[in-house]
Structures are given as structure tokens and as C-alpha cells.
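Coordinate inspection notes
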Amino acid sequence: MRFQRLLQLRKYATVATLRQSTHIRTHTHAHTPTMVRTLASSTSPLPELTQITDNVQRGNYAQLNDKDVSHFTQLLGKNHVLTDDLDGYNICFLKRIRGNSKLVLKPGNTEELAAIMKHCNQRKLAVVPQGGNTGLVGGSVPICDEIVISLQRMNKVLSVDEVTGIAVVEAGCILENFSQRAHDVGLTVPLDLGAKASCHIGGNVSTNAGGIRVLRYGNLHGTVLGVEAVLANGQVLDLMSNFKKDNTGYHMKNLFIGSEGTLGIITKLSMLCPHESKAVNVAFIGLNSFDDVLKTFVSAKRNLGEILSSCELIDERALNMALSQFKFLNSPISGYPFYMLIETSGSNATHDEEKLNKFISLGMEREEILDGTVTGDPGKMQEIWKLREMVPLGLIENSFCFKYDISLPLRDFYSIVDVMRERCGPLATVVCGYGHLGDSNLHLNVNCERFNDDIYKRVEPFVYEYTSKLKGSISAEHGIGFLKKDYLHYSKNPVAIDWMRDMKKMFDPNGILNPYKMLA
Ligand code: FAD
Ligand code: MLT
Ligand code: ZN
């Protein structure tokens, strides 16, 4: 029986025998560029204006006038000053937040952006910086009539140094394009996420994006070595650095990592990119209980050690949503309450395979791992990664989704999903959990046909209270933006929030940078 299961486990390929080890494109997993873009621009009905639905009082900002538009046109040229067809810039990825901006500006370089900000600050015109607009907390779109500053044109990879592993890149570069350039010289960008085909590296740094690589490479405070940012008054703050070690005073670049466009607009950054791993394998396994998931994670850390590069969890409902919405997906196993996607990346294929096989055999012997697939074939690995990456898209394809992105202690990681299912009852169509188990980051999702106030009230602020009681974080990686601004106090104490406000005032005395967000 066990032997049969082991055979099944190797449905795609035995790690040892069928590996295609010649040249694996590591860390450029399955991606769905068209999917991400189509969803962002599909033709479903427009949401109501957020200023009205949420009764937002417009700040005391100047009204944009014709003179401002001519000033910007002179500065950027008319092709880079947009006044028509602005829905794509006004509506967030989740189609939940809709602003009413009348102007989108696309600077081509730092100097142009600095001149824009100088004018906006003098005139007290509010702005919202925008990258790929894939953010999930309503931070990247206007709430009232803020001017959208799109970084789209500042998209160059300026240098990639094969020896030092340091890359310098403009903020508007799409993550996937950056990854490709790094890959061309055998390096890997230490950040990967499902929105890679649309999100910008500047947006990633501004949100301190997590994704599937944090377990291996840590978060961006470590891998981003320096940034250049334009401040609210148009000053250019050059904090670029090409060194890992630099203790010359306050680490100011870290202020911009995760500040969601409230302190300045990132224009450029340098990043430490590790050398690509030669040997990569992915295991997709089925398990019966969350208890077994935890045991398997501990075993992965013990037995795979330094080659463990990702550890993701998907529950059955989350996987089924993806499978039912996207027929091209193909899961090698089915019928288990929990699935784990475990990736290893190392430099010695034989050594790695030995470790992985031992880890799987141990798990099966203990009957913690019930079934699964292991593969080192690049195409098969992509298929498996696609199962994970399509989950968030499956949840919004034909329904509305309340999304939560919380850090919880591992022992209590999954219980909130069951609690929430109970609380929502039949009001919700699906309540599921998935996420970056390796980083204690759960994505709790509550689905219903359309936005529903009854469910909303059952879910919020309960989810934040629950998280706070466990001393978790109400935002593990997506940020605060507009959607979570009223709940910041569940994760930050009043003294910390006061200091954040003071810092905001110092950087942006007129409050023109991304108002109504984070500290509103
Ligand atoms: P935007 O959405 O345009 O902006 C996000 C915030 O950053 C806004 O507040 C905006 O004002 C600010 N901003 C953007 N660019 C700049 C800049 N140059 N300077 C200053 N401020 C700026 N997130 C994760 O952390 N992990 C994941 O695994 C993950 N997976 C995702 C999968 C899918 C399918 C989707 C749709 C989203 C996912 N996200 C994930 C969320 C999102 O992709 C990230 O938050 C991403 O970093 C946003 O990048 P962006 O360029 O789209 O930024
Ligand atoms: C993910 O890990 O898939 C993303 O953070 C998006 C989501 O939470 O759905
Ligand atoms: Zn995530």
C-alpha cells in the first residue's frame, strides 16, 4: 500500500531518474500575464465612487485647473498627460475602490517627477503614486480626485552585475522583466509573486511585498540595498548604495520600504540578487489535517534545511475554486483537505534529491504525507506553481472576495478559517485559507456573489480583533492602504502611530502624498 502510494507520489517524475537538470530557469515560475491584465481591465460593471460609498470628506487640497494641465503638458509632452479613459487608473485590482481622478501623469525620469512634485506641493494638489495597480488594499488608486502619477515609463533595468549580484533598476520596471534580465546573467531576483507580470519593482518595494521567496531570501529590508525617492516638495533623496553593509547613521532607505507612497515616490533602487540555484525540485503533497501540515513543515525545515526555498499551503476549498474557474489547471492529486507546495533549490542535484526523497519517505511512513507528486522538470514545476498562483484569481473571477492577509503564530495559523466559516454560515459561498506557511502568513478569503454588508459586518473588525489577540499582524504583506486604515491600531500601539504621523508630517507637511490611506 505504502509502496503504491510512493509510486503515485512520483507520478510526474522521480526526482532521481527523470530530472532534466541541464538548465532550469529557476524562480521564474508559471505566470499568467494575460490573466492578470485581463482581470484588471475586464468589462464588468464599474464600482461606485468610493468617496460616496465611504462618505470620504475631501481634504483641503486645491482643485486642478487648466493652467496646471498646461504646465504638466509643457513639462512632459502631451502624450504623457492623460485626461481621458482613466478607469484603469481609477479602479483598484479587486474592483472595490474607485476614485475620480481627472489626470494621469507619466514622468519619464526623476527630474520630470521632481518638477511635478514641486508644482503639486506649491499648489497643494494631492497625488497618488501608481505602479502596476495590482495592490490589494486600495492604496494605488485615488479616493477623491488625486492626480495619478504612474511610474510606467520609468521602466529600465540600469545595470545587473554578475560578479557582485547587484542590480540597479528604475521603479516602474515590471517585476517579471527585471527577473528575466537577472536570469540572463545567472542571477535571481529575491522576490516572486503571482502578480509579477504586472506589478512594478517600485510598487513591490513601496508595499514591502512578500510572496513566495521570503522564506529563502528574507524580506526586502535586507535585499534592497538603496533607493532614490522624490519627496513631496520635489527634492530628490539619494539613498542609493551598492553595499550590504553601511552603518552611516539612520537606515533611511528602510523608511521607504513599505511606506506605500505616503513618504515619497521611489524612482530607482539597487537590489542584491543571489546567484540562481542549479537544482530545483517541487513537491505537491496532500495531507489530512492542519496538524499534519505543521509536522510536515517542521520536518521540511529539519530534513531539507538550507535547500528549502518555499513552503506554501492551499486548503481544499481554495484549490477547488481555482480548478473550477480555470479549466486549463490540472492538479496531480485531489480529495485532500490540505495541500502543500514545497520547493527546494540547491547547487548539487544528487545531494538535493537524496534529501527530498528522505523527507518524503519519512512523511509517508508517518502517514503525514498521504499522496503527491515530486518533479524537477521545469514544465511540470510550472504547472504546479500555477495551481498556487491562480488561487487568488480563482477567488475573484466570478465572485466578490473579502481578502485578509495576516501573520499568525503557526500553532494558531489555520483555526481562524474554521471560526470564520462558522461565523459567516450560508452567507458566504466559500471561506478558505492559503498562503505562505513558511512565513506564518495566512491569506484568509471570504467569498460571496457580490459585496454584502451582512458578511462584511460579520468579518470585520472580528478578523482584526482575533489577529490582535494572538499578537499577529493585520497585514503580513499587502499593506494598509485604504481598506485597512481604520484598523492599524490592532497592530500598532498609539505611541507608534503618533510617531508615524509625525514622520508623515515631516516628510509631507501638506499631506499631498497618497492621502486617505494608511494613517488617514
Ligand atoms: P501598486 O498596486 O500600483 O501600488 C501599491 C502601493 O504602492 C500604493 O500605495 C502605491 O501608491 C504605492 N506605490 C507604487 N509604486 C510606487 C513608487 N514607485 N513609489 C512610491 N509608492 C509607490 N503581494 C504580496 O506581498 N505577496 C504576494 O504574494 C502577492 N501576490 C499577489 C498576487 C496577485 C494575483 C495579485 C493581484 C496581487 C498580489 N500581491 C501580492 C499584491 C500586489 O501585487 C503587491 O502589493 C505589489 O507589490 C504591488 O505592486 P504594484 O506595482 O502593482 O503597486
Ligand atoms: C498570494 O499569496 O497569492 C497573494 O498575496 C494574493 C492573495 O492574497 O490572494
Ligand atoms: Zn501572498
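The structure reproduced in this document is the subject of the present report. (Residues numbered from 1 in each chain as written. Chains lettered and ligands numbered in written order. Predicted model: local features only at pLDDT ≥ 70, side-chain atom pairs only at ≥ 80, totals over all residues. Heavy atoms only, no water.)

**Brief notes about the pattern of salt bridges**
- Counted according to the given criterion, the structure contains 19 salt bridges.
- Across the salt bridge formed by Arg450 and Glu449, the nearest N and O atoms sit 4.0 Å from each other.
- Ionic pairing is found between Lys504 and Asp508, a salt bridge with its closest N-O pair at 2.7 Å. In this pair, the class of Lys504 matches that of Asp508, namely buried.
- Overlapping salt bridges bring together Asp192, Lys196 and Glu389 as one network. (Salt bridge = Lys/Arg side-chain N within 4 Å of Asp/Glu carboxyl O. Buried < 20%, exposed > 50% of the residue type's maximum accessible area, 1.4 Å probe, protein only.)

**Brief notes about the site of ligand 2**
- Close contacts around ligand 2 come from Leu136, Arg388, Pro392, Lys403, Tyr434, His436, His443, Glu477 and His478, and that covers them all.
- With respect to ligand 2, the side chain of Lys403 contributes an N or O atom lying 2.8 Å from an oxygen atom.
- Protein contact buries 86% of the 260 Å² of open area that ligand 2 shows by itself.
- Among the residues forming the shell around ligand 2, the class breakdown is 3 nonpolar, 3 polar and 3 charged. (Near = heavy atom within 4 Å. Polar contact = N/O pair within 3.5 Å; in protein donor to acceptor, adjacent residues only side chain to side chain. Areas by Shrake-Rupley, 256 points an atom, 1.4 Å probe, with all protein chains shown as cover. Nonpolar A, V, L, I, M, F, W, Y, C, P; charged D, E, K, R; others polar.)

**With respect to the site of ligand 1**
- Near ligand 1 lie 36 residues; those nearest to it are Pro129, Gly131, Thr134, Gly135 and His200.
- Take His200: an N or O atom from its main chain is 2.8 Å from an oxygen atom of ligand 1.
- Between a nitrogen atom of ligand 1 and a side-chain N or O atom of Glu477, the distance comes to 3.1 Å.
- Protein burial of ligand 1: of its 980 Å² of free accessible surface, 97% is covered by the chains.
- Among the secondary structure elements, those contributing two or more residues to the shell around ligand 1 are strand 3 (127-130), helix 8 (201-207) and strand 9 (265-272).
- Looking at which element gives the most residues to the shell around ligand 1, the answer is helix 8, with 5 residues.
- For the shell around ligand 1, the per-class residue count stands at 12 nonpolar, 22 polar and 2 charged. (Helix = DSSP H or I, 4+ residues; strand = E, 2+ residues; numbered from the N terminus.)

**A short note on the coordination of the zinc ion (ligand 3)**
- For the zinc ion (ligand 3), every protein donor is listed as His436 (NE2), His443 (NE2) and Glu477 (OE), and the spread of their distances is 1.9 to 2.1 Å.
- Each donor residue of the zinc ion (ligand 3) lies on one chain, and together they are spaced H-x6-H-x33-E. Linking His443 in strand 16 (residues 441-448) with Glu477 in the loop between helix 19 (462-469) and helix 20 (494-507), this pair joins segments that are 34 residues apart in sequence. Glu477 shares its class with His443; the two are buried. (Donors = N, O, S within 2.8 Å, 3.2 Å for Na, K, Ca; no water.)

**Let's talk about the environment of Asn109**
- Mapped onto the secondary structure, Asn109 falls in the loop between strand 2 (104-105) and helix 6 (110-123).
- Taking relative accessible area as the criterion, Asn109 reaches 28% and is therefore assigned partly exposed.
- The spatial distance from the C-alpha of Asn109 to the C-alpha of Leu76 is 9.8 Å, given a sequence separation of 33 residues.
- At 2.8 Å, the side chain of Asn109 forms a polar contact with the backbone nitrogen of Glu112.

**Topic: the sheet that holds strand 13 (residues 371-375)**
- Ordered by their spatial adjacency, 7 strands build an open sheet running 13-10-12-11-15-16-14, and the pairing between neighbours is antiparallel. The open sheet has two edge strands, strand 13 and strand 14 (400-407), and neither has a second partner. Averaged over all pairs of adjacent strands, the angle between their axes in this sheet comes to 15°, without regard to strand direction.
- Here strand 14 pairs with strand 16 via 8 bridges, running antiparallel. Bridged to Ser407 within strand 16 is Asn441. (Pairing = 2+ DSSP bridges. Axes fitted to C-alpha atoms, helices over the stretch in contact; angles between N-to-C directions.)

**A few points about unusual backbone geometry**
- Put simply, Glu460 and Pro461 share a cis peptide bond, and its omega is 5°.
- Examined against the element boundaries, Pro461 turns out to sit in the loop between helix 18 (453-459) and helix 19.
- Within the chain, Asn514 stands out as a residue other than glycine whose phi angle is a positive 50°.
- You can see Asn514 is positioned in the segment after helix 20.
- Of the residues examined, Asn514 reaches a relative accessible area of 3% and is grouped as buried.

So, to be careful, I would describe these as geometric facts and stop short of saying anything about function.
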